[in-house]
Amino acid sequence: MSNESSIESTLQELRSFPPRSSADLGMAAWHVGSMEQYRQMHRRSVEDPEGFWAEVASDLHWFQPWSRVLEWRPPDVEWFVGGRTNMCYNCVDRQVAGGHGGETAIAWEGEPMPGGKPELRRLTYAELKEQTSRLANALRSMGVKKGDVVTIYMGMVPELPVAMLACARIGAAHSVIFGGFSSQAIVDRVHDAQSQVIITCDGAWRRGKVVPLKENVDTACAELDGTPAEVRHVVTVKRCGNEVAWRPGRDVWFADVVAAASDSCPCEPMDAEDMLFLLYTSGSTGKPKGIIHTTGGYMVYTYLTSKLVFNLIPDTGQLYWCTADIGWITGHSYIVYGLLPNRVPTLMYEGAPNFPGEDRFWDIIERHRVTQFYTAPTAIRAFMKWGSQHPEAHDLSSLKVLGTVGEPINPEAWMWYHKAIGGERCPIVDTWWQTETGGQLITPLPGCTPTKPGSCTLPFFGADPAIVNDQGEEQEPNKGGLLVLRKPWPGMLRGVRGDRARFISTYFSRVHDPKTGEPYYFTGDGARRDADGYFWIMGRVDDVINVSGHRLGTMEVESALVSHAGVVEAAVVGMPHDIKGTGIAAFVTLEPSFKPYDKASTDKLKDDLARHVSRLIGAIARPDMIRFTDALPKTRSGKIMRRLLRSVAAGDSNISQDTTTLEDLSVLAKLQTDEEG
Ligand code: WTA
């Protein structure tokens, strides 16, 4: 793919929306209220990062001050060197110490609506302090020490942030696994992290059905038994009341261990560079990468981005809602860690957007008087399809700032969001960032940045993004290229668990500063910058597909397919999809004895394969289109011609092809090479 760095860009969007005055919106004030202020602050943040970030960090609590703000020896970075702090302290104890213990930290709504009424819970900072202290003590009694990794595989219940914060309290790192992943994902991640304790739920509610989380954990544990990664303790939250298997000695109930533990547990002073969490993300090779985030820099970065991008102001009646699952980085940074230190309550919703009706989100916004709302383009496209009558039936006038994240938003969806949800009133922050970046890097600020539908606009403070070619030379305006970051920022990843070579080769070896030879951070995204300096993300340039805003490595899906007895070889590419943005297209060559002979057997085999992938990875990876082919198109050197398959997939809207004769796509490759030759 090396010569795809110069990407053709066709999207032309000329509309621009100026920011509103805070008074207009009923917002107390804008933290950054003019472009002049933005430019001045941005200049300072890149010219004097140490001064800039030291000031921000001083808003938070440190047990011991840092001796140096920044140590940059690419690819290694340290922020707040020698400083000691604690994330849980800054999220929880600091608010209690400030006299705010009785205020709501987390508001929660369950999915079921028994008798038409939602189930609600509120956790104050004081309750969070007690709960996290008790669970922290319970974890210690199970032998969890500073530096150990605790695996968390839960639904969206308040005990999930409690579990994360309890780990942070005692300096254990957490590894949260999205509850939609299968047991195989647990096996791989627990094994990689050498994690001996898992915190889970009996089940999770999803569209009225129970997802059997504990059962998946049991399956994973059975596979790990007798290996060095054997799981010693499983702590289960009772949520759905579904029946679960129980192994005495390993299994305990969350409520029991919390009740039995002491409620006193001072926060462990952590080095700024001690690991806070691991979060596994897909790469272009098969194995997911354990992205390492540390304590001090991540805390300061998520605190400031949350504050400025959503214009959080305590004591002004704000209620912030991010619809992401905490199993993804968005939930880590913008449901939990960025929000609590800002002392604005964060709303968590347990379930699906279309349960019991397609207006559930708007109903939630109306009932809770949500002020900031952060969601994904894939969700917005689904809302569009369900229709404007749903938001129209609800009072959304409490909303002040809208956000999106996860993938490029098409201008049509942006305009719908602006009108149907924002009432043409609310600024939209289209925030570009990644699991690896920890926090938002390219984003509008709601009080000052004129927005353009489809553009994530301008760099956040401290960020120095650029569009370059493979030689590291900056591209002229509107010319597509590789998106890189030329300077370190506090929230950036510190490594890939157990794989330094992969850390360097993925992020710090493709593009270098043409003058100094210093590596740039390579994002894996292609983008362009327009004449106003606005960034337009064009998508991934590697073998990663972004399905519904979630990254999947094509290799992962291919490996899952090939592990089926009937599959000889598989190639997976992204294809345009109305709702998901990108869907998964799989081209599969079969073992002769598995070749289908009629439409029914073709459909059955496709269905088998789709289920097989779902079982191994999770429903998110289920292919949207499977085509059987006698051979895959390959270059003379044997590389699968993905670009060709991408265009074949894009031209194929007929998802349930009933062709029973196998195609020979390698013919296409021959045509192509003939043309090229
Ligand atoms: C894509 C999610 C365009 C991008 C926080 C990136 C976006 C990948 C945007 C990271 C956006 C995220 N506009 N594309 N506003 N936000 N992306 O690690 O391709 O799940 O590299 O982090 O999502 O996905 P990840």
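Every value quoted in this text rests on a predicted model; they were computed, and no experiment measured them.

A. Looking closely at the sheet that holds strand β23 (residues 495-496). One open sheet accounts for 8 strands, arranged β12-β11-β8-β6-β7-β14-β15-β23; its pairing is mixed. Whereas interior strands pair on both sides, the edge strands pair on one side only; in this sheet they are β12 (251-253) and β23. In this fold helix α7 (residues 183-193) packs onto β6 (149-153), β8 (197-201) and β14 (275-281), with an angle of close to 145° to the strand it touches most, β14.

B. Focus on the nonpolar core. Core analysis: the biggest nonpolar cluster contains 162 residues, and Trp 53, Phe 80, Leu 135, Ile 199, Tyr 337 and Val 588 have the highest contact counts within it. Of all the elements, helix α6 (residues 159-170) adds the most residues to this core, at 9 residues. Formed jointly, this core draws a minimum of three residues from each of two domains, domain 1 (61-352) and domain 2 (544-673). Residues within four places of Trp 53 in sequence aside, it is in contact with Val 69, Trp 79, Phe 80, Val 300, Tyr 301, Leu 304, Phe 460, Phe 461, Gly 462 and Pro 490. Core analysis: the next-biggest nonpolar cluster, separate from the first, contains 30 residues, Phe 383, Leu 402, Ile 409 and Ile 579 among them.

C. Here's a closer look at the pairing of strand β4 (residues 104-109). The buried count for β4 comes to 6 of 6 residues, which makes it a mostly enclosed element. Pairing of β4 with strand β5 (residues 120-124), which is carried by 5 bridges, proceeds in the antiparallel orientation. Opposite Trp 108, over in β5, you have Arg 121 as the bridge partner. Direction of pairing for β4 relative to strand β17 (residues 346-349): parallel, over a ladder of 4 bridges. When the bridges of β17 are listed, Ile 106 appears paired with Thr 346.

D. Representation of the packing of aromatic side chains. With the rule as written, the count across this model stands at 40 aromatic pairs. Measuring from centroid to centroid gives 5.6 Å for Phe 178 and Phe 181, while their planes differ by 85°, and the two rings are edge-to-face. Owing to a relative accessible area of 17%, Phe 178 belongs among the buried residues under this scheme. Ring geometry for Tyr 334 against Trp 433: centres 5.0 Å apart, planes inclined by 90°, an arrangement best described as edge-to-face. On the criterion of sequence distance, the pair formed by Tyr 334 in helix α11 (residues 329-337) and Trp 433 in the loop between β20 (428-431) and β21 (465-468) is long-range, its members being 99 residues apart. Of the two residues, Tyr 334 and Trp 433, neither departs from the other in class, the shared state being buried. Of the aromatic side chains, those joined through ring pairs into one cluster are Trp 321, Tyr 349, Phe 361, Trp 362, Phe 373, Phe 383, Trp 386 and Tyr 417.

E. Representation of the site of the ligand within the structure. What surrounds the ligand is a group of 17 residues, the closest being Asp 430, Thr 431, Thr 435, Asp 525 and Arg 551. Take Arg 540: an N or O atom from its side chain is 3.0 Å from an oxygen atom of the ligand. Residue Arg 551 places a side-chain N or O atom 2.7 Å away from an oxygen atom belonging to the ligand. For the ligand, the accessible surface in isolation is 540 Å², of which the surrounding protein chains cover 96%. For the shell around the ligand, the elements supplying multiple residues, two or more each, are α11, β20 and β25 (535-540).

The rules behind each value
- Residues numbered from 1 in each chain as written.
- Predicted model: local features only at pLDDT ≥ 70, side-chain atom pairs only at ≥ 80, totals over all residues.
- Heavy atoms only, no water.
- Pairing = 2+ DSSP bridges.
- Helix = DSSP H or I, 4+ residues; strand = E, 2+ residues; numbered from the N terminus.
- Contact = heavy atoms within 4.5 Å.
- Axes fitted to C-alpha atoms, helices over the stretch in contact; angles between N-to-C directions.
- Core = buried A, V, L, I, M, F, W, Y, C linked by side-chain atoms within 4.5 Å.
- Buried < 20%, exposed > 50% of the residue type's maximum accessible area, 1.4 Å probe, protein only.
- Domains from an automatic or database assignment.
- Phe/Tyr/Trp six-rings, centres within 6.5 Å; stacked < 30°, edge-to-face > 60°.
- Near = heavy atom within 4 Å.
- Polar contact = N/O pair within 3.5 Å; in protein donor to acceptor, adjacent residues only side chain to side chain.
- Areas by Shrake-Rupley, 256 points an atom, 1.4 Å probe, with all protein chains shown as cover.

Function-wise, these values are silent; they only describe arrangement.
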